[in-house]
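Each chain, written out:
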Amino acid sequence: MSSGTLYDKVWNFHQVKELPGGSTQLFVGLHLIHEVTSPQAFSALNEKNLEVKFPHLTVATVDHIVPTLNQKRPFSDPLAEEMLVTLEKNCKTYGIKFHGIGSNSQGIVHVMAPELGLTQPGMTVACGDSHTSTHGAFGAIAFGIGTSQVRDVLASQSLAMKKLKVRRIWVDGSLQKGVYAKDLILHIIRLLGVKGGVGFAYEFAGPAIEKLSMEGRMTICNMAIEGGARCGYINPDETTFEYLKGKEYSPKGQEWDNAIKWWKSLVSDSKAKFDDEIKVDGSSIEPTVTWGITPGQGISIKEKIPNPKLLPKNEQQIAKDACKYMNLEADQPIEGTSIDVCFIGSCTNGRLSDLQEASKIVKGRKVSDGIRAFVVPGSQKVAKEAKQKGIDKIFLTAGFEWREPGCSMCLAMNPDKLEGRQISASSSNRNFKGRQGSANGRTLLMSPAMVAAAAINGKVTDVRKLLKE
Amino acid sequence: MKQEFPKGEINAITGRSLVIKGDDIDTDRIIPARFLKCVSFSSLGEQVFADDRKELQGKHPFDLDQNQGSNILVVNDNFGCGSSREHAPQALMRWGIRLIIGESFAEIFFGNCLALGIPCMTASKQEITKLQNLVNENSNQIWDFNLKELSISNQKESFRLDLEGGAYKMLYSGKWDATSQLLDAEEKINNTVKNLPYLNNFK
């Protein structure tokens, strides 16, 4: 049993009571909702004649279904429009703050909440989306929930949860130039497997983690779920406080000083006990790309696509399936694999610094002939800041499309989709079969800078070859 | 025909089984994202495994004649990984699935199933393979699931299953629908609120 970790401390603060089933009733400090997983929850609430217990602790936005080319209402897709109208109506009925299209604060839920300062250390955060783990970057305990649980949180501001074990993933050293947070998390998932984290909260710690920006930390925690961990978190430090300072919903004045004192007290003790600990050498990691159909099937840009026969027995079948589905040959280098579509965006890598890093690769170059490449900012704020910095121009000049904010092709619940057997270089989080909107479309996950490099060369490329001094 | 969904204590389930083979079957495959464009779960049953079924042109286990009306699904490792969409268990439930047996389940998927009253039982790889083979040899056989004894059996064979204690108690007592239990603690919820620094101006 872990003790003295941030997870333990936050858990204790939010424990309401023990439930008969052996789980704990846990209070939810921040509940984020969006159009996909909330409508049925509101219906259930309505059927049961229940109210929203603390409407001011729930915050809504729209992200999954929004088109990224033209956001004029009504949306051209009537089903998407109906989902948005339903959310608007529910928010109005129950007095929930809604950050809609044109509010200047709409965006992918895991991008907009942090940038508004809604996500803070020591909170419990829940949202009907598995990538809620993102908010752990602030030292919050944040997890994805299903729609029945969205209903429970609306009704009671709490959840029935079982306490997780805590695994500390200590990352030594520092990332090489051209290696990003995305590479680090793909590397970790490769090491521990896509279900390695089941039953665990992941504490990411160590020198390489401390050196990451808040945006890099969000990328890491965002994909903790892809390693099977229900949540991932990083202890808050000066980087965290610096990011939060002055944000719209951050504490101000005396409250700010008190907040910092409390936040510092939550950090895992030096003598904290973990259920498991592993060490990773951050400086040995190279740009990493997935070649298969789970986020665990990643290799460094220098490696060859594994031969299923040479893998451990329990990985052979899925590797065989993956080679067949991806139409990639075992023992071939991943570098040089031809690409059709390049997508920069998503809750993993649709933040300002992601766009900035990618734009450095793109600047002064052209997208390779025949490649469709596009950038989708994670939020209206990201879009605005990027424009102020002229980042949109860099991409447009190079031949990228510049879109309106939304989840876009990460899961393709909107018009952005792969077609047929197209293969994409994608900065998103999942390479599952059919994930990007075509039943047989293919996805290679990589960092935004690597996607940019792929767009320029028309094939999977070691971004370090395009880095300018 | 109006479907009966799980209610009350889930102590026994009887019916025919079907098999989906493969590790790491994610919720995108169980219900592709484009079907999430809905404000109600009601039509999801028809769309379960839509892309896999299309690809196999009628040969997918969910399309085979002999599997129609089956209510027990036997799967492999890390079933239900990926997205938290409750649409996945909803789609399975609305197709008719009432019990899932597998090597292991992703956590959110497991919790979503529990919230619908669908037990996700586990057994070793070896046992699952054996069970899957038996089911595939004769899809007509009737299986009896007994929660109390943690077993599933036909007339000849019996398999020992596992379920963690909390979920067991919730299904056994019929208290897997958590809302009313959570609402019972109103005073304690209010106390928690009073003691949370960030809800009290960090005083």
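Before reading on, note that the structure itself is shown above.
None of the values given here were measured: they were computed from a predicted structure. (Residues numbered from 1 in each chain as written. Chains lettered and ligands numbered in written order. Predicted model: local features only at pLDDT ≥ 70, side-chain atom pairs only at ≥ 80, totals over all residues. Heavy atoms only, no water.)

K.L.:
Pulling in residues and values, what's your account of the overall build of chain B?
P.N.:
In terms of helices and strands, chain B carries 8 helices and 8 strands. Judged by the C-alpha coordinates and their principal axes, chain B covers about 65 × 40 × 35 Å. The 203 residues of chain B split such that 61% are buried. For chain B, contacts bridging at least 24 residues in sequence account for 70% of all contacts bridging at least 6. Here chain B has roughly 8800 Å² of accessible surface; of this, 46% comes from carbon and sulfur atoms. For chain B, the centre of its 23 positive side-chain charges and the centre of its 27 negative side-chain charges are spaced 3 Å apart. (Helix = DSSP H or I, 4+ residues; strand = E, 2+ residues; numbered from the N terminus. Buried < 20%, exposed > 50% of the residue type's maximum accessible area, 1.4 Å probe, protein only. Contact = heavy atoms within 4.5 Å. Areas by Shrake-Rupley, 256 points an atom, 1.4 Å probe, with all protein chains shown as cover. Lys, Arg positive; Asp, Glu negative; His and termini not counted. Charge placed at Lys NZ, Arg CZ, Asp CG, Glu CD.)

K.L.:
Break down the overall build of chain A for me, with residues and values.
P.N.:
Within chain A one finds 16 helices and 19 strands. For chain A, whose C-alpha radius of gyration is 21 Å, the value lies close to the compact-globule estimate of 23 Å for 469 residues. Reported as C-alpha extents along the three principal axes, the dimensions of chain A are approximately 55 × 55 × 45 Å. Counted over contacts in chain A with a minimum sequence separation of 6, partners at least 24 positions apart contribute 76%. Element-wise, carbon and sulfur atoms account for 49% of the exposed surface of chain A, whose accessible area totals about 16000 Å². Separation of charge centres in chain A, based on 58 positive and 49 negative side chains, amounts to 1 Å. (Rg over C-alpha atoms; globule rule 2.2 N^0.38 Å.)

K.L.:
Run through the nonpolar core, naming residues and quoting values.
P.N.:
Residues A:Phe204, B:Leu92, B:Ile100 and B:Phe109 are the most contacted members of the largest nonpolar core, which totals 220 residues. The dominant element in this core, judged by the number of residues it contributes, is helix α16 (residues 448-457) of chain A, at 8 residues. Those residues in contact with B:Phe109, other than ones at most four positions away along the chain, are B:Thr27, B:Ile30, B:Phe79, B:Gly80, B:Ala88, B:Pro89, B:Leu92, B:Ile100 and B:Cys120. The next biggest cluster of nonpolar side chains, apart from the first, holds 7 residues, and it includes A:Phe343, A:Val376, A:Cys410 and A:Leu418. (Core = buried A, V, L, I, M, F, W, Y, C linked by side-chain atoms within 4.5 Å.)

K.L.:
Break down the sheet that holds strand β15 (residues 341-344) of chain A for me, with residues and values.
P.N.:
On the basis of which strands lie adjacent, the open sheet formed by 5 strands has the order β17-β16-β15-β18-β19 (chain A) and parallel pairing. Whereas interior strands pair on both sides, the edge strands pair on one side only; in this sheet they are β17 (401-402) and β19 (442-445) of chain A. (Pairing = 2+ DSSP bridges.)

K.L.:
Quick rundown of the environment of A:Thr147? Include the residues and the values.
P.N.:
As for its placement among the helices and strands, A:Thr147 is situated in helix α5 (residues 147-156). Of the residues examined, A:Thr147 reaches a relative accessible area of 2% and is grouped as buried. With 106 residues separating them in the primary sequence, A:Thr147 and A:Ala41 have C-alpha atoms 5.7 Å apart. Setting aside its immediate chain neighbours within four residues, A:Thr147 contacts A:Thr37, A:Gln40, A:Ala41, B:Phe41 and B:Glu86.

K.L.:
Report on the sheet that holds strand β7 (residues 151-153) of chain B, specifying residues and quantitative values.
P.N.:
All names here are of chain B. Taken together, 4 strands build an open sheet; the order of strands is β1-β6-β7-β8 and the sheet is antiparallel. Strands with a single pairing partner mark the edges of an open sheet, and in this sheet they are β1 (12-15) and β8 (158-160). The average undirected angle you get between the axes of adjacent strands in this sheet is 15 degrees. Strand direction decides the pairing type here: strand β6 (residues 143-146) and β7, joined by 3 bridges, are antiparallel. Of the residues in β7, the one forming a bridge with Asp144 is Ser153. Taken strand by strand, helix α5 (residues 125-137) contacts β6, β7 and β8, and its axis lies near 150 degrees from that of β8. (Axes fitted to C-alpha atoms, helices over the stretch in contact; angles between N-to-C directions.)

K.L.:
Outline helix α13 (residues 352-362) of chain A, listing residues and values.
P.N.:
Every buried residue of α13(A) is listed here: A:Leu352, A:Asp354, A:Leu355, A:Ala358, A:Ser359, A:Ile361 and A:Val362. In the segment just after α13(A), A:Gly364 is the residue with positive phi, at about 75 degrees.

K.L.:
Which residues make up unusual backbone geometry, and what are the values?
P.N.:
Residue and element names in this part refer to chain A. The omega angle of the peptide bond from Arg73 to Pro74 is -10 degrees, so this bond is cis rather than trans. Within the secondary structure layout, Pro74 lies in the loop between β4 (58-61) and α3 (78-94). One non-glycine residue, Asn49, adopts positive backbone phi at about 60 degrees. Residue placement: Asn49 occurs in the loop between α2 (39-47) and β4.

K.L.:
So what about helix α8 (residues 214-222) of chain A? Which residues, and what values?
P.N.:
Of all the 9 residues making up α8(A), 9 are buried; the element is thus mostly covered by neighbouring parts of the structure. What α8(A) keeps buried is the set A:Met214, A:Glu215, A:Gly216, A:Arg217, A:Met218, A:Thr219, A:Ile220, A:Cys221 and A:Asn222.

K.L.:
Break down the interface of chain A and chain B for me, with residues and values.
P.N.:
The interface is formed by 73 residues belonging to chain A together with 54 residues belonging to chain B. Summing both partners gives a buried area of about 5300 Å² for chain A against chain B, and 61% of it is carried by carbon and sulfur. Joining chain A to chain B, the criterion identifies 7 salt bridges. For A:Arg151, the salt bridge identified is with B:Asp177, shortest N-O distance 3.3 Å. For the pair chain A and chain B, the interface holds 21 residue pairs in polar contact (both at pLDDT 80 or more). For the side of chain A that touches chain B, the leading source of residues is α5(A), giving 7 residues. Here the side of chain A that touches chain B is built from residues that sort into 32 nonpolar, 26 polar and 15 charged. (Buried area = accessible area lost by both parts, 1.4 Å probe. Salt bridge = Lys/Arg side-chain N within 4 Å of Asp/Glu carboxyl O. Polar contact = N/O pair within 3.5 Å; in protein donor to acceptor, adjacent residues only side chain to side chain. Nonpolar A, V, L, I, M, F, W, Y, C, P; charged D, E, K, R; others polar.)

K.L.:
Can you break down the side chain of A:Ser148 residue by residue, with the values?
P.N.:
As for its placement among the helices and strands, A:Ser148 is situated in helix α5. Assessed through its relative accessible area of 7%, A:Ser148 is described here as buried.

K.L.:
Would you mind going over the environment of A:Glu329 in detail, with residue names and values included?
P.N.:
Turning to its location among the elements, A:Glu329 is positioned in the loop between α11 (313-326) and β15. C-alpha of A:Glu329 to C-alpha of A:Tyr233: the two residues are 96 residues apart in sequence and 37 Å apart in space.

K.L.:
Lay out the packing of helix α6 (residues 181-192) of chain A against α8(A) with the relevant residues and their values.
P.N.:
Residue and element names in this part refer to chain A. Between α6 and α8, the least distance of the axes is 8 Å, while the angle of their chain directions is 25 degrees. Comparing the axis directions of α6 and α8 gives the class roughly parallel. In this structure, the crossing between α6 and α8 has a hand that is right-handed. Contact with α6, carried on its side by Ala181, Lys182, Leu184 and Ile185, involves Gly216, Thr219 and Ile220 of α8 and no other residues of that element. For the contact of α6 with α8, the per-class residue count stands at 4 nonpolar, 2 polar and 1 charged. (Parallel < 35°, antiparallel > 145°, perpendicular 65-115°, else oblique. Left-handed = near helix turned anticlockwise from the far one by under 90°.)

K.L.:
I'd like a rundown of the packing of aromatic side chains, residues and numbers included.
P.N.:
Tallied over the full model, the rule gives 21 aromatic pairs over all chains. Taking the centre distance of 5.4 Å and the plane angle of 85 degrees together, the rings of B:Phe79 and B:Phe109 count as edge-to-face. Placement of B:Phe79 in the loop between β3 (72-74) and α3 (87-95) and of B:Phe109 in helix α4 (residues 107-116) is noted, with a sequence separation of 30 residues between them. As far as the burial class goes, B:Phe79 and B:Phe109 line up, both buried. For A:Arg73, the ring lying beneath its charged end belongs to A:Phe75, and the centroid distance is 5.6 Å. In this arrangement the basic side chain of A:Arg372 is found over the ring face of A:Phe374, its NZ or CZ atom lying 5.1 Å from the centre. (Phe/Tyr/Trp six-rings, centres within 6.5 Å; stacked < 30°, edge-to-face > 60°. Lys NZ or Arg CZ within 6 Å of the ring centre and 35° of its normal.)

In short, shape yes, function no, at least from these values alone.
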